[in-house]
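A look at the structure
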Amino acid sequence: MTARDTDAYAAALAAEHMAIFAYGVAGGRLDAADKEPARQAESKHRDRRDALVTRLAAATTPSPAEPAYETPFPVVDRQSALRLLIAAEDATALAWRGVIGLASGEERRLALDALIAAAVQATTWRRLAGVTPTTLAFPGSPE
Amino acid sequence: MRSAPTPAPGPTRRVFLRTALGLAGVGALGALAGCEVLGGGELPPPPDELAGFITATVALGDRYDAVIKALPDLANRLEPIRNAHRAHVTALANAIGGPVPTPATGRQPAPGSSAEVLAALAEAERAARDEAIDACMAGSARLAPLLGAIAAARASHAEVVAA
């Protein structure tokens, strides 16, 4: 793993840590019907975090999650909770897109699957939040 | 009232948004690194590397145009997706240094009810997603991130087009 690879995977790990935190913050504000999809999405983020920790451990000491992350806006109701999850999925997509070009084979497929999952999950939350458009032309691009 | 936990004090505290912005920088670095990491070993892609993929992407946008023309009630839902396919064509053409192909006009939409037409579009998006996944996996380090984003966009289209 080159230093560049390590940086890209570390950024993906940071995004996954942040996403897991976001799901924890948002969970209490979601409707009952939102909770199962949120639980499944959070579980996928935990799986990806664990996969990243395993990969990074061969090259460096993977950074643990921060004790807390300051949310970009107060999470006070379902709408702001959904917006936080949209921001978290978009940030995750961005980080994984940074891995795709550095990786090949199985490693690239891991990053690609993560990018696709984040884009689809962000679309689900946009739809439930009534945010339009519900899709982005280039998921994972800084816009 | 803020329900977010009080952030831990100290220099390592990360601000959510700032982290996201920081990741944008890393993403850009990754894109650059993709060009450099192979050094002189990789020649620029031949202009036809993605020619078939681009042609299929143009056709997908044309298909939306035809449906929007025949079923204008669906325009609000479908125009952003059509525009995304057009943006993909432009980005792909720019990435390989080729001309941006012009959309075809006058294509006839498949007959059927709105529900049937939307179900067919969702199926087309899933097939197009799989083509983009294959292209991303086979693509050069330079083109793979764009192809991956296109695969992700198509996957999300499939979720909403028939929803």
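Residues numbered from 1 in each chain as written. Chains lettered and ligands numbered in written order. Predicted model: local features only at pLDDT ≥ 70, side-chain atom pairs only at ≥ 80, totals over all residues. Heavy atoms only, no water.

1. Topic: the overall build of chain A
Helix and strand content of chain A: four helices and one strand. Secondary structure elements of chain A occur, N-terminal to C-terminal, as α-α-β-α-α. Whereas a compact globule of 143 residues would reach a radius of gyration of roughly 15 Å, chain A reaches 15 Å, a difference of no more than 12%. A principal-axis box enclosing the C-alpha atoms of chain A has dimensions of 45 × 35 × 25 Å. Taking the contacts inside chain A whose residues are at least 6 apart along the sequence as the reference set, 76% of them involve residues at least 24 apart. Carbon and sulfur atoms form 51% of the exposed surface of chain A, whose accessible area is close to 5700 Å². (Helix = DSSP H or I, 4+ residues; strand = E, 2+ residues; numbered from the N terminus. Rg over C-alpha atoms; globule rule 2.2 N^0.38 Å. Contact = heavy atoms within 4.5 Å. Areas by Shrake-Rupley, 256 points an atom, 1.4 Å probe, with all protein chains shown as cover.)

2. Considerations on the overall build of chain B
Scanning chain B from terminus to terminus reveals five helices and one strand. Walking chain B from its N terminus toward its C terminus, one meets helices and strands in the order β-α-α-α-α-α. Contacts in chain B between residues at least 24 apart in sequence constitute 77% of all its contacts with a sequence separation of at least 6. Accessible area for chain B stands at about 8100 Å²; split by element, carbon and sulfur atoms hold 59% of it.

3. A word on the environment of Leu50 of chain B
Summarising the element assignment, Leu50 of chain B is placed in the loop between α1 (16–36) and α2 (51–70). Leu50 of chain B gets classed as buried once you look at its relative accessible area, which sits at 5%. (Buried < 20%, exposed > 50% of the residue type's maximum accessible area, 1.4 Å probe, protein only.)

4. Focus on the packing of aromatic side chains
All names here are of chain A. In this structure the tally under the stated criterion is two aromatic pairs over all chains. Centre to centre, the rings of Phe21 and Tyr69 are 5.3 Å apart; their planes meet at 55°, and the pair counts as tilted. Placement of the pair is Phe21 in helix α1 (residues 3–27) and Tyr69 in strand β1 (residues 69–70), with a sequence separation of 48 residues. Pairing Tyr23 with Trp125 gives two aromatic rings, centres 6.4 Å apart and planes at 55°, and the pair type is tilted. (Phe/Tyr/Trp six-rings, centres within 6.5 Å; stacked < 30°, edge-to-face > 60°.)

5. Things to note about helix α3 (residues 75–96) of chain B
Taking 1.5 Å of rise per residue, 22 residues should cover 32 Å, and α3 of chain B covers 31 Å from first to last C-alpha, within 8% of that figure. Trailing α3 of chain B by a residue or two, Gly97 of chain B shows a phi angle of about 70°, which is positive. (Expected span 1.5 Å × (residues − 1).)

6. Things to note about the packing of helix α4 (residues 105–129) of chain A against helix α4 (residues 114–138) of chain B
Closest axis-to-axis distance for the α4 of chain A/α4 of chain B pair is 10 Å, and the angle between their directions is 140°. If you check the angle between α4 of chain A and α4 of chain B, you find them oblique. For α4 of chain A against α4 of chain B, the interelement crossing comes out right-handed. Contacts between α4 of chain A and α4 of chain B involve Gly105, Arg108, Arg109, Leu112 and Ile116 of chain A from the former and Ile133, Cys136 and Met137 of chain B from the latter. Taken together, the residues of the contact of α4 of chain A with α4 of chain B sort by class into five nonpolar, one polar and two charged. (Axes fitted to C-alpha atoms, helices over the stretch in contact; angles between N-to-C directions. Parallel < 35°, antiparallel > 145°, perpendicular 65-115°, else oblique. Left-handed = near helix turned anticlockwise from the far one by under 90°. Nonpolar A, V, L, I, M, F, W, Y, C, P; charged D, E, K, R; others polar.)

7. Structural notes on helix α3 (residues 78–100) of chain A
If you check α3 of chain A, its first and last C-alpha atoms are 33 Å apart, about what 23 residues at 1.5 Å a residue would give, namely 33 Å. Of all 23 residues making up α3 of chain A, 18 are buried, and the element is well covered by its neighbours.

8. Comments concerning the confidence of the model for chain B
Residues and elements named next belong to chain B. Of all residues in chain B, 70% attain a pLDDT of 70 or more, and the chain-wide mean is 79. Mean pLDDT across the elements of chain B bottoms out in α1 (44) and peaks in helix α5 (residues 144–160) (97). Here residues 1–13 scores under 50 on pLDDT; set against residues more than four positions off or in separate chains, the count is 21 contacts. When the criterion is pLDDT under 50, residues 20–41 qualifies, and its contacts beyond four places in sequence or with other chains add up to 24 contacts. Interface confidence for the predicted complex, given as ipTM, is 0.96, next to a pTM of 0.85. (pLDDT = per-residue confidence, 0-100.)

9. Things to note about the environment of Asp50 of chain A
Relative to the elements of secondary structure, Asp50 of chain A occurs in helix α2 (residues 32–57). Linking Asp50 of chain A and Leu13 of chain A, residues 37 residues apart in sequence, is a C-alpha distance of 8.8 Å.

10. Things to note about the environment of Gly27 of chain A
All names here are of chain A. Position of Gly27 relative to the elements: it lies in helix α1. Of the residues examined, Gly27 reaches a relative accessible area of 23% and is grouped as partly exposed. Counting along the chain gives 93 residues from Gly27 to Val120, while the straight-line C-alpha distance between them is 19 Å.

11. Things to note about the confidence of the model for chain A
Interpreting fine coordinate detail is not advised for predicted regions of low pLDDT. When the pLDDT values of chain A are averaged, the result is 96; 99% of them are 70 or greater. Ranking the elements of chain A by mean pLDDT puts β1 of chain A last, at 94, and α3 of chain A first, at 98.

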